[in-house]
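Fold and contact review
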Amino acid sequence: MASTIRVRATSSGETTEVQALIQHPMDSGFIKDSKGELIPPHFIQQLTFEYNGKPVFTADWGGGVSKDPYVKFAFKGGKKGDELKVSWVDNKGATDTTTAKIQ
Amino acid sequence: MTNTDNGFSATRRLILQGAGAVALVGLGSSFGNLPFGLTRAFAAANDKYPEEAFKQKSEADAIKSLYGKTAEASDKVKMDAPEIAENGAVVPVSVTTTLADVTSISFLVAENPVALVASYKIPAGTMPNVANRIKMAKTSNVIVVVEAGGKLYSATKEVKVTVGGCGG
């Protein structure tokens, strides 16, 4: 199965810029479907980026984050060819993990 | 439950204030709630998902639940958000700051059903710059809170929404 996570990590030498796009409905629990029934909440709660076994960025998300969430950040260090591990867990306990090579 | 024991009821009131949860009033023993209230006060210090902060309706309560203190406005926190968002379901918001020792950055929308949208932990070595996309139910203030050197700094900007993104 294809990963839900798309990551691009680009090193400029000193810093590494990371952009991630995740496929997820991010249902807040406040929106009604066409029958007028509330769509139950279903959203990513935590998203973690690890480099060299250490977290470089952690996101705690609520239902207010847009569908198919996007996030961008940067950290010092990070060598080209090294791996960045990305993983998420949602409010139903589903998870996904991927690793991306720093370019 | 009676309120004859003054010491007991004072403790109980304190716990309830700290927890900020009306739902606890009806529960029998306040002793059972004590550790709960304490853990919540320090929730921001560990890696646990801040469940309670994501239940608060107002931005002030969410900030208090998340950090246990209030934020002061600072021009060192720069927020980039559109003046008008045509689609409230996808509003790009980013923040940069010149503050040192940033440990966390949070995004809140005052008029959303749940004010807190996202909270990011910034370990040492990670830049205090974050961009993401958030939902807005209607025209509202967007608030960014930056925790730096143990203090909270914020920036606020009103974003006008023409089509709501939270079923509004």
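Preceding this paragraph is the structure being described.
Counting starts from 1 at the beginning of each chain's written sequence and moves along it residue by residue. Numbering of ligands from 1 and lettering of chains from A proceed in the order in which they are written. Two thresholds apply to this predicted model, a pLDDT of at least 70 for residue-level local features and 80 or more for giving and counting side-chain atom pairs, whereas whole-chain, interface and lining totals are computed over all residues. With hydrogens and water stripped out, all remaining heavy atoms of the structure feed into the side-chain values.

1. Some points on the overall build of chain A
- Along chain A, the regular secondary structure elements total zero helices and seven strands.
- Principal axes of the C-alpha set define a box for chain A whose edges measure 55 × 25 × 20 Å.
- Only protein chains enter the area calculation, which uses a 1.4 Å probe; residues under 20% of their type maximum are buried, those over 50% are exposed, and those in between are partly exposed. A total of 103 residues make up chain A; the buried ones form 48% of that total.
- Every residue pair with non-hydrogen atoms within 4.5 Å of one another is taken to be in contact. Sequence-distant contacts in chain A: of pairs separated by 6 or more residues, those separated by 24 or more amount to 55%.
- Only the protein chains shown count as cover for residues, and all accessible areas are computed by the Shrake-Rupley method using a 1.4 Å probe. For chain A, the exposed area adds up to about 5,400 Å²; of that, 48% sits on carbon and sulfur atoms. The helix and strand labels rest on DSSP assignments: H or I over at least four residues marks a helix, E over at least two residues marks a strand, and numbering proceeds from the N terminus.

2. A word on helix α3 (residues 59–67) of chain B
- When we look at burial in α3 of chain B, the residues that qualify are Ala62, Ile63, Ser65, Leu66 and Tyr67 of chain B.
- The first or second residue beyond α3 of chain B is Gly68 of chain B, which carries a positive phi of 75°.

3. Points about the environment of Val144 of chain B
All names here are of chain B.
- Within the secondary structure layout, Val144 lies in strand β8 (residues 140–148).
- With 22 residues separating them in the primary sequence, Val144 and Ile122 have C-alpha atoms 14 Å apart.
- Apart from the residues lying within four places of it in its own chain, the contact partners of Val144 are Val77, Met79, Val95, Ile105, Ser106, Phe107, Tyr153, Ser154 and Ala155.

4. Observations regarding the environment of Lys35 of chain A
Residue and element names in this part refer to chain A.
- Its location among the elements puts Lys35 in the loop between β2 (15–22) and β3 (44–51).
- Note on Lys35: relative accessible area 71%, which makes it exposed.
- On a C-alpha basis, the gap between Lys35 and Ala9 in space is 42 Å, while along the polypeptide they are 26 residues apart.

5. Brief notes about the side chain of Gln45 of chain A
- Note that Gln45 of chain A resides in strand β3.
- With a relative accessible area of 17%, Gln45 of chain A lands in the buried category.

6. Things to note about the pattern of salt bridges
- One speaks of a salt bridge when a side-chain nitrogen belonging to Lys or Arg is within 4 Å of a carboxyl oxygen belonging to Asp or Glu. Following the criterion strictly, the structure yields six salt bridges over all chains and no others.
- Residues Asp60 of chain A and Lys121 of chain B are paired through a salt bridge, measuring 2.9 Å at the closest nitrogen-oxygen approach. Here Lys121 of chain B lies in strand β6 (residues 116–121) and Asp60 of chain A lies in strand β4 (residues 54–61), a pairing that spans two chains.
- Given the relative accessible area of 2%, Asp60 of chain A is considered buried.
- For Glu83 of chain B, the salt bridge is made with Lys157 of chain B, and the minimal N-O distance between the two is 3.9 Å. Of this pair, Glu83 of chain B sits in the loop between β2 (77–80) and β3 (84–87) while Lys157 of chain B sits in strand β9 (residues 151–163), placing them 74 residues apart in sequence.
- Glu83 of chain B gets classed as exposed once you look at its relative accessible area, which sits at 55%.

7. Remarks on the interface of chain A and chain B
- Each partner contributes to the interface: chain A provides 31 residues, whereas chain B provides 31 residues.
- Summed over both partners, buried area is the accessible surface (1.4 Å probe) that two parts give up on being assembled. Surface buried jointly by chain A and chain B totals about 2,300 Å² across both partners, of which 55% is contributed by carbon and sulfur atoms.
- Area buried by chain A at its contact with chain B is led by Phe30, Asp60 and Ser66 of chain A, which between them contribute 24% of it.
- Broken down by secondary-structure element, the contributors of at least two residues to the side of chain A that touches chain B are β2, β3, β4 and β5 (70–76) of chain A.
- Pairing between strands requires that DSSP locate at least two bridges from one strand to the other. Pairing of β4 of chain A with β6 of chain B, which is carried by four bridges, proceeds in the antiparallel orientation. Paired with Asp60 of chain A across the two strands is Ser119 of chain B, which belongs to β6 of chain B.

8. Some words on the sheet that holds β5 of chain A
- Taken in spatial order, the six strands make up an open sheet running β1(A)-β2(A)-β5(A)-β7(B)-β4(B)-β2(B), and their pairing is antiparallel. Bordering the open sheet on either side are β1 (5–11) of chain A together with β2 of chain B, each of which pairs with just one other strand. Strand after strand, the sheet turns through a mean of 15° between neighbouring axes, direction not considered.
- The sheet contact formed by β1 of chain A and β2 of chain A spans seven bridges and is antiparallel. Within the sheet, the bridge partner assigned to Thr10 of chain A lies in β2 of chain A and is Glu17 of chain A. Each axis is a line fitted through C-alpha atoms, and for a helix only the stretch in contact is used; angles between axes span 0 to 180 degrees, taken between their N-to-C directions.

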